[in-house]
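# Overview (structure and organization)
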Amino acid sequence: NAGVMQNPRHLVRRRGQEARLRCSPMKGHSHVYWYRQLPEEGLKFMVYLQKENIIDESGMPKERFSAEFPKEGPSILRIQQVVRGDSAAYFCASSPVQASSGANVLTFGAGSRLTVL
Amino acid sequence: GQQLNQSPQSMFIQEGEDVSMNCTSSSIFNTWLWYKQDPGEGPVLLIALYKAGELTSNGRLTAQFGITRKDSFLNISASIPSDVGIYFCAGQSPTINNTNAGKSTFGDGTTLTVKP
């Protein structure tokens, strides 16, 4: 029973290129979350998705960043025209259908580490 | 937006010592979560707290959900070298019409170093 799978684990891009990060949630999980972690900092919420729906993107930068979770296939976080400040670890997490209590315990992947040269 | 203040930022302790860290918030949370992150890995859930006043243990770890719902602490007893890592608290707000669902706000972490 695989956990949350992220790839690539490491990605190097030059300024102006595009970065695509993929996340396959745990089996049976229908909610996907993306978080960003800058060096020496905590995790900052970016976006929450269900299949074919963006539920909350309040943490996404207004430009160059987009996310999707299609009916088939992994969730993808896309960063266009990367800049050095985009260098960070990007974590995906998933959870099952929301519990009646309203609490959702997230299971995290190992992260994708983006380095922009 | 919501912010969590997690302290201390770092701790250097001897093996066998007890550790205590805490998180405070200006907002009320419905759920408090404590995670541990090892270098190069994602956070792993240690303890989840769902009710104000709840005290929960997981082996040598004990965590409590504050009565005011604005704070939580994590204690580690008799620390061992493998306790090294970054510990994060996270709070979840009440869900409104499926928004906020699972959107956890994280503290900046407590980096724990254990000297053998």
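Details of the structure are given in the entry above.
Residues numbered from 1 in each chain as written. Chains lettered and ligands numbered in written order. Predicted model: local features only at pLDDT ≥ 70, side-chain atom pairs only at ≥ 80, totals over all residues. Heavy atoms only, no water.

Further remarks concern the overall build of chain B. Of regular secondary structure, chain B possesses 0 helices and 11 strands. Along chain B, helices (α) and strands (β) appear in the sequence β-β-β-β-β-β-β-β-β-β-β when read from the amino end. The C-alpha radius of gyration computed for chain B amounts to 14 Å, which stays within 12% of the reference 13 Å derived for 116 residues, consistent with globular compactness. Considering only C-alpha atoms, chain B reaches an extent of 50 × 30 × 20 Å along its principal axes. When the 116 residues of chain B are sorted by exposure, 43% land in the buried category. Taking the contacts inside chain B whose residues are at least 6 apart along the sequence as the reference set, 54% of them involve residues at least 24 apart. In the structure as shown, chain B presents an accessible area of about 5,400 Å², 51% of it carried by carbon and sulfur atoms. The centroid of the 7 positive side-chain charges in chain B is displaced by 10 Å from the centroid of its 9 negative side-chain charges. (Helix = DSSP H or I, 4+ residues; strand = E, 2+ residues; numbered from the N terminus. Rg over C-alpha atoms; globule rule 2.2 N^0.38 Å. Buried < 20%, exposed > 50% of the residue type's maximum accessible area, 1.4 Å probe, protein only. Contact = heavy atoms within 4.5 Å. Areas by Shrake-Rupley, 256 points an atom, 1.4 Å probe, with all protein chains shown as cover. Lys, Arg positive; Asp, Glu negative; His and termini not counted. Charge placed at Lys NZ, Arg CZ, Asp CG, Glu CD.)

Attention now goes to the overall build of chain A. For chain A, the count of helices and strands is 0 helices and 11 strands. The linear arrangement of helices and strands in chain A, starting from the amino end, is β-β-β-β-β-β-β-β-β-β-β. For chain A, the spread of C-alpha atoms along the principal axes amounts to about 45 × 30 × 30 Å. Sorting the 117 residues of chain A into buried and exposed places 46% on the buried side. Considering only contacts in chain A between residues 6 or more positions apart, those separated by 24 or more positions represent 53%. Carbon and sulfur atoms provide 47% of the accessible area of chain A, an area that totals close to 5,900 Å².

Now for the environment of Lys103 of chain B. Checked against the element boundaries, Lys103 of chain B lands in the loop between β9 (85-92) and β10 (104-106). Leaving out residues up to four positions away in the same chain, Lys103 of chain B has contacts with Tyr33, Tyr35, Phe45, Asp56 and Ser58 of chain A together with Gly91 and Gln92 of chain B.

A separate point is the interface of chain B and chain A. Listed as interface residues are 23 residues of chain B and, on the opposing side, 25 residues of chain A. Inspection of the chain B/chain A interface yields 1 salt bridge. A salt bridge links Lys44 of chain A to Asp108 of chain B, with the nearest nitrogen and oxygen atoms 3.5 Å apart. At the junction of chain B and chain A, the tally comes to 6 residue pairs in polar contact (both at pLDDT 80 or more). Counting residues per element, the ones that place at least two in the side of chain B that touches chain A are β4 (31-37), β5 (44-49), β9 and β10 of chain B. Element by element, the count of residues in the side of chain B that touches chain A is highest for β4 of chain B, at 4 residues. (Salt bridge = Lys/Arg side-chain N within 4 Å of Asp/Glu carboxyl O. Polar contact = N/O pair within 3.5 Å; in protein donor to acceptor, adjacent residues only side chain to side chain.)

In this section: the state of the cysteines. Counting across every chain of the model gives 2 disulfides over all chains. Disulfide pairing places Cys23 of chain A opposite Cys92 of chain A at an S-S distance of 1.8 Å. An S-S torsion of about -55° defines the bridge between Cys23 of chain A and Cys92 of chain A as left-handed. One end of the pair, Cys23 of chain A, is in strand β3 (residues 19-24); the other, Cys92 of chain A, is in strand β9 (residues 88-95), with 69 residues separating them in the sequence. Here Cys23 of chain A and Cys92 of chain A have matching classes, each one buried. Two residues, Cys23 of chain B and Cys89 of chain B, share a disulfide whose sulfurs are 1.7 Å apart. With the S-S dihedral at roughly -80°, the linkage between Cys23 of chain B and Cys89 of chain B falls on the left-handed side. (Disulfide = S-S within 2.5 Å.)

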